[in-house]
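# Descriptive analysis of the structure
The chain contents come next:
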Amino acid sequence: MRYKRPDKKNSMSILEASERDMKYTESLQLSEDSGPTIVRNIYECFRMLGDSLLASEGIEAEDHITPVKELMKLKINADRPVNLIDNLRRLRHNINYYGYKPSLDEVKEVKAVAKSLFEPVKNEVLKRIKSGTPLAP
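A brief structural summary. Small disclaimer: the values here were computed from a predicted structure and weren't measured.

### Remarks on the overall build of the chain
- Across its full length, the chain holds five helices and two strands.
- Taking 14 Å as the expected radius of gyration for a compact globule of 137 residues, we find that the chain reaches 15 Å, a close match to that expectation.
- With respect to the three principal axes, the spread of C-alpha positions in the chain is 45 × 30 × 25 Å.
- Of the contacts formed within the chain by residues at least 6 apart in sequence, a portion of 76% connects residues at least 24 apart.
- A total of about 7,800 Å² of accessible surface is found on the chain, and carbon and sulfur atoms cover 48% of it.

Printed below as a string of structure tokens:
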């Protein structure tokens, strides 16, 4: 990790980009060809929320694990556990680096995870950015 000055403006910009990308990804038609893109985009939206949280504290992550770990520390009230975001990271890794092609059922499950978790996670990240609440140890 690299430390720099906390940047609320950049943090908000990343959060807003995550929202836009999620909205676009939700509009994509589900098919075998679109499946990998949908999974990658959904994961990326969550990772960006983690980056947004870190940027608000002046931390620049050098990998994907750090932002996801920060999200998993959040206390979120949702139908699904927040640690499913790490499963998305692994699935995206398999798609990108091993040519894995997710089944339509897997993509539907990823979309269901996003539907359940994205708004609560985003709202908690936004609350922390605005309040200046430090990251959990």
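Now that the structure has been shown, the text picks up again.
### Focus: the nonpolar core
- Ranked by internal contacts, the top residues of the largest apolar core, which has 33 residues, are Phe46, Val121 and Val125.
- Looking at this core, the elements with two or more residues in it are helix H1 (8-27), helix H2 (35-56), helix H3 (65-72), helix H4 (84-98) and helix H5 (104-131).
- Among residues more than four places away in sequence, those in contact with Val125 are Leu15, Leu49, Ser52, Leu53, Leu71 and Leu74.

### Considerations on H4
- Between its first and last C-alpha atoms H4 spans 21 Å; for 15 residues at 1.5 Å apiece the expected length is 21 Å, and the two agree.
- Buried residues along H4 sit against H2, H3 and H5.

### Examining the side chain of Asp86
- Relative to the assigned elements, Asp86 resides in helix H4.
- A relative accessible area of 11% means that Asp86 is categorised as buried.
- Among the polar contacts made by the side chain of Asp86, one reaches the side chain of Arg89 at a distance of 2.7 Å.
- If we ignore the near neighbours within four places in the chain, the residues touching Asp86 are Val68 and Met72.

### Structural notes on the packing of aromatic side chains
- Using the criterion set out here, one finds one aromatic pair in the structure.
- Between Phe46 and Phe118 the ring centres are 5.6 Å apart and the planes differ by 75°, which places this aromatic pair in the edge-to-face class. Residue Phe46 is found in helix H2, and its partner Phe118 is found in helix H5; the two are separated by 72 residues along the sequence.
- On the basis of relative accessible area, Phe118 is assigned to the buried category, the value being 3%.

### Regarding the packing of H1 against H2
- Contact pair H1 / H2: the axes reach a minimum separation of 8 Å and the direction vectors enclose 165°. With respect to H2, the axis of H1 lies roughly antiparallel. As for how H1 packs across H2, the hand of that crossing is left-handed. Facing H1, whose interface residues are Asn10, Ser11, Met12, Ile14, Leu15, Ala17, Ser18, Asp21, Met22, Tyr24 and Thr25, H2 presents Ile38, Asn41, Ile42, Cys45, Phe46, Met48, Leu49, Asp51, Ser52, Leu53, Ala55 and Ser56.
- Of the residues contributing to the contact of H1 with H2, the split by class is 14 nonpolar, seven polar and two charged.

### Notes on H3
- Thr66, Pro67, Val68, Glu70 and Leu71 are the residues of H3 that are buried.
- Its buried side turned inward, H3 meets H2, H4 and H5.

### Observations concerning the environment of Phe118
- C-alpha separation for the pair Phe118 and Leu49, spaced 69 residues apart in sequence, amounts to 9.2 Å.
- When residues no more than four places from it in sequence are discounted, the contact partners of Phe118 are Ser18, Glu19, Met22, Cys45, Phe46, Leu49 and Val113.

Each value, and the rule that gives it
Residues numbered from 1 in each chain as written. Predicted model: local features only at pLDDT ≥ 70, side-chain atom pairs only at ≥ 80, totals over all residues. Heavy atoms only, no water. Helix = DSSP H or I, 4+ residues; strand = E, 2+ residues; numbered from the N terminus. Rg over C-alpha atoms; globule rule 2.2 N^0.38 Å. Contact = heavy atoms within 4.5 Å. Areas by Shrake-Rupley, 256 points an atom, 1.4 Å probe, with all protein chains shown as cover. Core = buried A, V, L, I, M, F, W, Y, C linked by side-chain atoms within 4.5 Å. Buried < 20%, exposed > 50% of the residue type's maximum accessible area, 1.4 Å probe, protein only. Expected span 1.5 Å × (residues − 1). Polar contact = N/O pair within 3.5 Å; in protein donor to acceptor, adjacent residues only side chain to side chain. Phe/Tyr/Trp six-rings, centres within 6.5 Å; stacked < 30°, edge-to-face > 60°. Axes fitted to C-alpha atoms, helices over the stretch in contact; angles between N-to-C directions. Parallel < 35°, antiparallel > 145°, perpendicular 65-115°, else oblique. Left-handed = near helix turned anticlockwise from the far one by under 90°. Nonpolar A, V, L, I, M, F, W, Y, C, P; charged D, E, K, R; others polar.

Fair warning: the whole summary comes from geometry, so function is off the table for now.
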